[in-house]
Amino acid sequence: MEEGHPTRDPLEDFLKACGVTVRLEEAPQDRFAELPPIPIAAHQPAKLPKAHPRQPVVPEWEPPVEAAPPAATAAGQAAIHAAREAARAATTLDALHAALASFEGCPLRETARSTCHGEGPVGAAIMFVGEAPGRDEDDAGRPFVGRSGRLLEKMLAAIGLGRDEVFISNVIPWRPPLNRTPSPIETATCEVFVRQEIRLVRPKVLVPLGGAAAKTLLQVDQGIVRQRGRWVSYALDEHAPDDTIDAVATFHPAYLLRTPAEKRRVWWDLLAIRERLESRHGLPPVR
Ligand code: URA
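Below is a short write-up of the structure.

How each quantity is defined
- Residues numbered from 1 in each chain as written.
- Predicted model: local features only at pLDDT ≥ 70, side-chain atom pairs only at ≥ 80, totals over all residues.
- Heavy atoms only, no water.
- Helix = DSSP H or I, 4+ residues; strand = E, 2+ residues; numbered from the N terminus.
- Buried < 20%, exposed > 50% of the residue type's maximum accessible area, 1.4 Å probe, protein only.
- Contact = heavy atoms within 4.5 Å.
- Areas by Shrake-Rupley, 256 points an atom, 1.4 Å probe, with all protein chains shown as cover.
- Near = heavy atom within 4 Å.
- Polar contact = N/O pair within 3.5 Å; in protein donor to acceptor, adjacent residues only side chain to side chain.
- Nonpolar A, V, L, I, M, F, W, Y, C, P; charged D, E, K, R; others polar.
- Patch = residues over 30% accessible without salt bridge, like charges linked within 9 Å, V, L, I, M, F, W, Y side chains within 5 Å.
- Salt bridge = Lys/Arg side-chain N within 4 Å of Asp/Glu carboxyl O.
- Pairing = 2+ DSSP bridges.
- Axes fitted to C-alpha atoms, helices over the stretch in contact; angles between N-to-C directions.

### Digging into the overall build of the protein chain
Logical step 1: Helix and strand content of the protein chain: eleven helices and five strands.
Logical step 2: Looking at the protein chain as a whole, 41% of its 287 residues are labelled buried.
Logical step 3: Long-range contacts, defined as pairs at least 24 residues apart, comprise 69% of the intrachain contacts of the protein chain with a sequence gap of at least 6.
Logical step 4: A total accessible area of about 16700 Å² is found for the protein chain, and carbon and sulfur atoms account for 55% of it.

### Some points on the site of the ligand
Logical step 1: Around the ligand sit Gly 130, Glu 131, Ala 132, Pro 133, Glu 137, Pro 143, Phe 144, Asn 170 and His 252, and that is every residue in its neighbourhood.
Logical step 2: The backbone of Glu 131 places a nitrogen or oxygen atom 2.9 Å from an oxygen atom of the ligand.
Logical step 3: Within the backbone of Phe 144, an N or O atom sits 2.9 Å from an oxygen atom of the ligand.
Logical step 4: Protein chains shield 91% of the accessible area of the ligand, which is 240 Å² for the free molecule.
Logical step 5: Looking at the shell around the ligand residue by residue, the class counts come to four nonpolar, three polar and two charged.

### Thoughts on a nonpolar patch on the surface
Logical step 1: On the surface, Trp 267, Trp 268 and Leu 271 cluster together to form a nonpolar patch covering roughly 310 Å² of accessible area.
Logical step 2: The topology assignment puts Trp 267 in helix H11 (residues 263–281).

### Here's the deal with the pattern of salt bridges
Logical step 1: Overall, the coordinates contain twelve salt bridges when judged by the stated rule.
Logical step 2: With a shortest N-O distance of 3.7 Å, Arg 88 and Asp 237 are connected by a salt bridge. Of this pair, Arg 88 sits in helix H2 (residues 73–89) while Asp 237 sits in the loop between strand E4 (231–235) and strand E5 (244–248), and the two are 149 residues apart along the sequence.
Logical step 3: Exposure remark for Arg 88: the relative accessible area of 35% places this residue in the partly exposed category.
Logical step 4: With a closest N to O distance of 2.9 Å, Glu 191 and Arg 195 form a salt bridge. Residue Glu 191 and its partner Arg 195 are located together in helix H7 (residues 184–201), separated by four residues, close to a single helical turn.

### Examining the sheet that holds strand E3 (residues 205–208)
Logical step 1: Strand order in the open sheet made by the five strands is E2-E1-E3-E5-E4, with mixed pairing throughout. The open sheet terminates on both sides in strands that have one partner only, identified here as strand E2 (167–170) and E4. On average, each strand axis in the sheet is inclined to that of its neighbour by 30°, with strand direction left out of account.
Logical step 2: Pairing of strand E1 (residues 126–130) with E2 involves four bridges; the strand directions are parallel.

Structure, rendered in structure tokens:
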């Protein structure tokens, strides 16, 4: 289409007024129709679940690399069993962390530089549990010391708490290679240790950070968008179901770094946590 000369075609004149200077084809083409159908991978559901009609579904960021294939069932079960034995035998945090450092049943430890076990005081006001260490944490051998950790510290400061007053850990203590999603067997093996850590820390409030930690620890199927902000009772011991602590999941700081508009919801969650600590656990109000 030439610029600047009126034509006798009103459509052409209209397109020109809109700034369209080149028309490639007379008739519109449906380019998607030319693509071959996308194969549905064996592990994907044939139908996608419907989104709730009234609630916007904000997908939480997940590392883009695929999960490793699950280990053979017998080997996986043996690893979980060994983890259970080692974790249950540990009656102090130091003993648990020593058991974790020498545990060889999870392949993730072979590619990680360090074991990032949890840190903080026993009886902490809050215990945060993320998914797995990233590169900064693997380098430092400590949980949440990178960008997510710095944001977590700012979130804490906003409700009058310092990092040293809370316990910070991860479901997985070893950085998965290329930050890939841990396999179900890897998660099930490491979960045993973090559950024992929670038992030994016995925080006043447990806060899983992000969808993966919430699903693992709270054993819920729904995503973090629906789960966050909901108070539940977390049973510290499967054999003593009445021995519970308060738990509430919220968004992962890494997600907030990518989606700052969601900080508002996390702020509500933090205020609710602060309020519960004051009203039920005698934490003095922030001055
Ligand atoms: N993300 C996590 O889930 N844990 C960390 O320790 C750091 C980033």
